[in-house]
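Structural description and commentary
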Amino acid sequence: MTAFKARKISDNVYWVGAIDWSLRDFHGYRTSRGSTYNAYLIMGKEPVLIDTVKAAFFNEMMERIRSVIEPEKIQYIISNHAEMDHSGCLERAIEAIQPKEVFASKMGISALREHFHFDQPITAITSGEEFMLGDAKLTAIETRMLHWPDSMFTFYANDGVLFSQDGFGMHLATTKLFVDENDPDIIHYEAGKYYANILLVYSSFTKRLLASLPKLNLDIKYIAPDHGPIWRRPEDIRFILEKWQEWAEQRYYNKAVIIYDTMWNSTAAMANSIAEGIAEHGTTVKVMPMNGSHRSDIITEILDAGALLIGSPTVNNQMFPSIAEVLCYIKGLKPLNLIGQAFGSYGWSGEAVKLIQDELQHMQVELTGEPINIKYVPENSDLAKCRELGSTIATELAKKLS
Ligand code: FEO
C-alpha cells in the first residue's frame, strides 16, 4: 500500500511529481500557497521520465512511479532544467533507475555537472531536434533564461504534451492536477505572481520564445509545467500564452501602486492622501504598507500597473531598510513603462526622498509631478499637496493610456 500514486494526464503520460504544502519561501519569493514539483512519466514502449523533484521529495516521486511501473523499466530521463527543485534528486534517480540514457540541453549538462559534480554520461539535445525514444516522438526546444541558461521545453507529439519546466508554471500546492479544476482567481493571481517574481527580468527571452513557438507547428493539447497545475482546455492554453505575451510586453493598465513604510504615521498619512488623489480619477490604486506587504506580492501588483509611488521616512540619513530592500528586489526584476514619484517625512535631514528618486530614475521610472518631503508631521496643506500629487499621477497615466 503506497500513500502516493501517479495520476494519468493523457493517454500515455502520468504525473509523478510531489506536492510541497509547506513551502513558504522560494529564493526570496513568498510562496504563500506552497508549490508542486512536477515530474512526468511517458509510458511508451520505452518509458521516459521528464524531470525529477526537489531532493527531499525523492521517495514521494519514486512511490508515484512505482504505482504504475517498476522504476528500473524506465529507459530514459530528460532533464529540462538544472535548478535543484527539478534536479535535486536526479543523481539518486539515475542510480535507482539505471536508465539507458539521460538527456539535457548542452548548457544543462554543464549546469548539472557544476551543481552535483557527478560524472554520469548525459547526452546533449539540440534545440528544434526531433528524436524518437521508443515510440515517443519528442522535440526539444531550448528556452534560455526561462528560467536559467540551461532551460528547455520538451514536446511529446504522440499526446500533444508540452513539458515546459518553469514556463507557464505557478507556485500552488494543489491536488487538483488541471488548471480548470482550480479556483480561476487563484490561478490568475499565482500565474502572474510567478511571472513577476521569476521571469519578469527575462521578458525579452519570453517574447522571443512566444514568437518562435508557432513556427514549430506543435499541436499543443497540454502545457505541463514543473510547478502548479496543467493547462489543458484550449481557452486556458490560449489564456496563459496571451498573459505571458502581455506580461512580457509589460502592458499596463489604469492602476497605481503606492509602497511605503512609516515611523510615526506621517508617511502613512501622506500615502493615504496620495491614494485619495489617485482614486478620485477612477484609477485603481493599491496601497502597500511594508508592515503588511511582502515584496513578492508588491512586484505582482506592479506587473500590470502604470504608476509607482514610494514613500519613506528618513532614518539615520537613509531611507527605511524595508524600503531599501523592496527597491533592491524591484530593481532586479526590471519592471518597465512606469511613471512615479517619491515622498516621505523627516525630522532634520530628509535624504530618503532624494535617495528613492535616484533609485526610481535608475529603474527608468518617469518622474511625474513634484516629490514631497515633509518635516515631522504633515499639516492639512501638506496632505492637500499629496492629494494633488495623486491627481497629477492619475491624470498623466490616463494621458499615456489614451
Ligand atoms: Fe522551478 Fe527555475 O526552477
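Rules used throughout
Residues numbered from 1 in each chain as written. Predicted model: local features only at pLDDT ≥ 70, side-chain atom pairs only at ≥ 80, totals over all residues. Heavy atoms only, no water. Core = buried A, V, L, I, M, F, W, Y, C linked by side-chain atoms within 4.5 Å. Buried < 20%, exposed > 50% of the residue type's maximum accessible area, 1.4 Å probe, protein only. Helix = DSSP H or I, 4+ residues; strand = E, 2+ residues; numbered from the N terminus. Contact = heavy atoms within 4.5 Å. Phe/Tyr/Trp six-rings, centres within 6.5 Å; stacked < 30°, edge-to-face > 60°. Lys NZ or Arg CZ within 6 Å of the ring centre and 35° of its normal. Polar contact = N/O pair within 3.5 Å; in protein donor to acceptor, adjacent residues only side chain to side chain. Pairing = 2+ DSSP bridges. Axes fitted to C-alpha atoms, helices over the stretch in contact; angles between N-to-C directions. 1 Å grid on protein atoms, 1.4 Å probe; cavity = no way out; pocket = protein on both sides within 12 Å on 5 of 7 lines; lining within 4 Å. Points joined across faces, edges and corners; volume = space filled by probe spheres on them. Nonpolar A, V, L, I, M, F, W, Y, C, P; charged D, E, K, R; others polar. Salt bridge = Lys/Arg side-chain N within 4 Å of Asp/Glu carboxyl O.

This brings us to the nonpolar core. What tends to happen in soluble globular proteins is that the nonpolar side chains get buried as a cluster. Met61 and Ile259 are the most contacted members of the largest nonpolar core, which totals 89 residues. With seven residues, helix α5 (residues 184–199) is the largest single contributor of residues to this core. If near-sequence neighbours (up to four positions away) are discounted, methionine 61 is found in contact with Val16, Gly17, Ala39, Leu49, Thr52, Val53, Cys89 and Ala93.

Considering all chains together, one arrives at twelve aromatic pairs under this definition. A ring pair is formed by tyrosine 195 and tryptophan 247, whose centres lie 5.7 Å apart and whose planes are at 35°; its orientation type is tilted. Separated by 52 residues along the polypeptide, tyrosine 195 in helix α5 and tryptophan 247 in helix α7 (residues 234–249) bring together distant segments of the chain. Tyrosine 195 sits in the buried class, given a relative accessible area of 0%. The rings of Phe153, Phe168, Tyr195, Trp244 and Trp247 are connected pair by pair, giving a single aromatic cluster. Between the NZ or CZ atom of arginine 208 and the centre of the ring of phenylalanine 205, over which it lies, the distance is 5.0 Å. A cation over a ring is seen here: arginine 295 above tyrosine 329, with NZ or CZ 5.4 Å from the ring centre.

Locating glutamine 165 in the fold gives a position in the loop between β15 (161–163) and α5. A distance of 3.2 Å separates a polar atom in the side chain of glutamine 165 from a polar atom in the side chain of threonine 143. Within polar-contact distance, the side chain of glutamine 165 engages the side chain of serine 151 at 3.5 Å.

Bringing the sheet that holds strand β13 (residues 136–142) into the picture now. Read across the sheet, five strands follow the order β12-β13-β14-β15-β16 without closing on themselves; strand pairing throughout is mixed. Looking at strand neighbours, the two that pair on one side only are β12 (130–133) and β16 (222–224), the edges of this open sheet. The sheet shows a mean angle of 25° between the axes of neighbouring strands, taken without regard to direction. Sheet analysis places β15 next to β16, joined by three bridges and oriented parallel. Across the sheet, residue leucine 162 finds its bridge partner in β16, namely isoleucine 223.

As a further point, take the sheet that holds strand β8 (residues 48–50). Strand order in the open sheet formed by seven strands is β1-β2-β7-β8-β9-β10-β11, and the pairing between neighbours is mixed. Taken across any chain shown, the strands that pair with only one partner, and hence form the sheet edges, are β1 (7–8) and β11 (123–125). The pairing of β1 with strand β2 (residues 13–15) spans two bridges and is antiparallel. Note that in β2 the partner of lysine 8 across the bridge is tyrosine 14.

Before going further, it helps to spend a moment on empty space enclosed by the protein. Applying the stated criterion to the full structure yields two cavities of 30 Å³ or more. As for the largest cavity, its lining consists of Leu200, Gln250, Arg251, Tyr252, Ile302, Leu303, Ala305, Pro335, Leu336 and Leu338. When grouped by side-chain class, the residues that make up the lining of the largest cavity number eight nonpolar, one polar and one charged. A volume near 30 Å³ is recorded for the second largest cavity. Taken together, Trp15, Thr36, Asn38, Thr174, Thr175, Lys176, Leu177, Gly228 and Pro229 form the lining of the second largest cavity. Its residues placed into classes, the lining of the second largest cavity shows three nonpolar, five polar and one charged.

Our next topic: the pairing of strand β24 (residues 372–375). Across the two faces of β24 the burial differs, with Ile372 and Ile374 buried and Asn373 and Lys375 not buried at all. Where strand β22 (residues 339–346) and β24 come together, four bridges link them in parallel fashion. Within β24, the position partnered with tyrosine 346 by the bridge is lysine 375.

This part covers the pattern of salt bridges. The tally for this structure, following the rule as stated, stands at 19 salt bridges. Across the pair glutamate 60 and arginine 64 runs a salt bridge whose closest N-O atoms are separated by 2.6 Å. Placement of the pair is glutamate 60 and arginine 64 together in helix α1 (residues 58–66), with a separation of four residues, close to one helical turn. A single burial state applies to glutamate 60 and to arginine 64, both of which are buried. Each of Asp180, Glu181 and Arg232 takes part in a single network of salt bridges with overlapping partners.

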